[in-house]
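Each chain, letter by letter, is given below.
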Amino acid sequence: MTTKFLKTTLWASLAALTLAACGGDKPADNAAAAATETKTLAITAIVEHPALDAARAGAIEQLAAEGFKEGENLTVNFQSAQGNMGTAGQIAKQFASENPDVIYAIATPSAQAVASATTTIPVVFSAVTDPVEAKLVTSLEKSGNNVTGASDVLPYEPQIELIRELIPNVKNVGYVYSPGEVNSTVVLKNLKEKLAPLGINVIESPAQKSSDITQAANALVGKVDVIYTSTDNNVINAYEALYQVAKSAKIPLISADTSTVERGAVAALGVNYTDLGKESGKIIARVLKGEKPDAIPVYISQNLDLYVSKKHAAEQGVTLPQAVLDRAAKVVE
């Protein structure tokens, strides 16, 4: 046993006695509950765009509230894969070799890469649409492994209701997506199943990478009444390219990511990614305090925000009903 250990133990014992003598048996607040030793958090995202950036910032903010403050008792290492799956795998392997206390993986591709790289380091994901389908966890209640996190899965009915409210006579919905992203292919499958009984077709247009978005959008011109976009990372990363096609062809864009309304969408109904990040931060804090990931259920966001843009609606030939404007959390003029 080292002299340093004996001193540390002695000080801890004295502190405990002093606290008891002062009647200090009140539950510690979040800051006091945080470990005094510096913890390491590795963060990776498949790409940097407003939604994923918000999920990262929200987690850091929540961790500070939980007593884990970057630069004080928390060391953070962030790396973006810049939309490249190969890079995501390299980052995952690097993080696994560095053995941080927790790896925070933002978006499905990065979460899959990290989960494949380690079965021992705790992994907390965020902005993953279907963690079971992505094979990150075996169930939402109990992961059965070293992984847990927060999902941005959306109920389809409100999305479909919004599409029909804005485009009453809709018959064909265009869907631009990345075939390599599980979160996007899951949405495509479910969207087809939900819209078919309503007599509405889904016309898909795949884009392997962000630079293919313009071509994929142009392929839908003259074939669809609206283009619906999910939380596909390649699509969100190149949303301005999609917007230019929609504006020129007067095809309304409706999205599941509220950050896209500033960038070209007529309307978006989606989760608040800052809040989702905060929920992820709560999970990370629990792991840093000693809980095992497999005992922490996956968080599912229950609140959806509606954002609309009057400018983009006018450009894309859509009249925003007053009912939609009235319930919007944000109206972009």
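Scroll up for the structure.
Residues numbered from 1 in each chain as written. Predicted model: local features only at pLDDT ≥ 70, side-chain atom pairs only at ≥ 80, totals over all residues. Heavy atoms only, no water.

Enquirer: Just checking my understanding: could you explain the pairing of strand β2 (residues 74–80) for this structure?
Expert: If a strand is regular, its side chains alternate between the two faces of the sheet. The sheet contact formed by strand β1 (residues 39–45) and β2 spans 7 bridges and is parallel. Note that in β2 the partner of leucine 41 across the bridge is valine 76. In the classification by handedness, the crossover that spans β1, the intervening helix α3 (residues 50–65) and the parallel β2 is right-handed. (Pairing = 2+ DSSP bridges. Helix = DSSP H or I, 4+ residues; strand = E, 2+ residues; numbered from the N terminus. Right-handed = clockwise from strand over helix to strand, strands pointing away.)

Enquirer: Where do I start with helix α5 (residues 108–117) in this structure?
Expert: Since the α-helix turns once every 3.6 residues, residues separated by three or four places project in the same direction. The set of residues buried in α5 consists of Thr108, Pro109, Ser110, Ala111, Ala113 and Val114. Here the buried face of α5 lies against β1, α4 (85–98), β3 (102–106), β4 (123–128), α7 (182–195) and α9 (233–237). (Buried < 20%, exposed > 50% of the residue type's maximum accessible area, 1.4 Å probe, protein only. Contact = heavy atoms within 4.5 Å.)

Enquirer: I would appreciate a short explanation of the sheet that holds strand β12 (residues 305–309) in the present structure.
Expert: Sheet strands pair by backbone hydrogen bonding; their relative direction is either parallel or antiparallel. With mixed pairing, 7 strands are arranged side by side in an open sheet as β7-β6-β8-β9-β10-β12-β13. The open sheet is flanked by β7 (201–206) and β13 (330–332), the only strands paired with a single partner. Averaged over all adjacent pairs, the angle separating strand axes in this sheet is 20°, with direction ignored. Taken together, the 3 bridges between strand β6 (residues 172–177) and strand β8 (residues 226–229) define a ladder with parallel strand orientation. Its bridge partner lying in β8, valine 173 is registered against valine 226. Of the strands in this sheet, β6, β8, β9 (253–255), β10 (267–270) and β12 are in contact with helix α6 (residues 156–166), which crosses β10 at around 165°. Sitting on the sheet, α7 touches β6, β7 and β8, and the angle it makes with β6 is about 170°. (Axes fitted to C-alpha atoms, helices over the stretch in contact; angles between N-to-C directions.)

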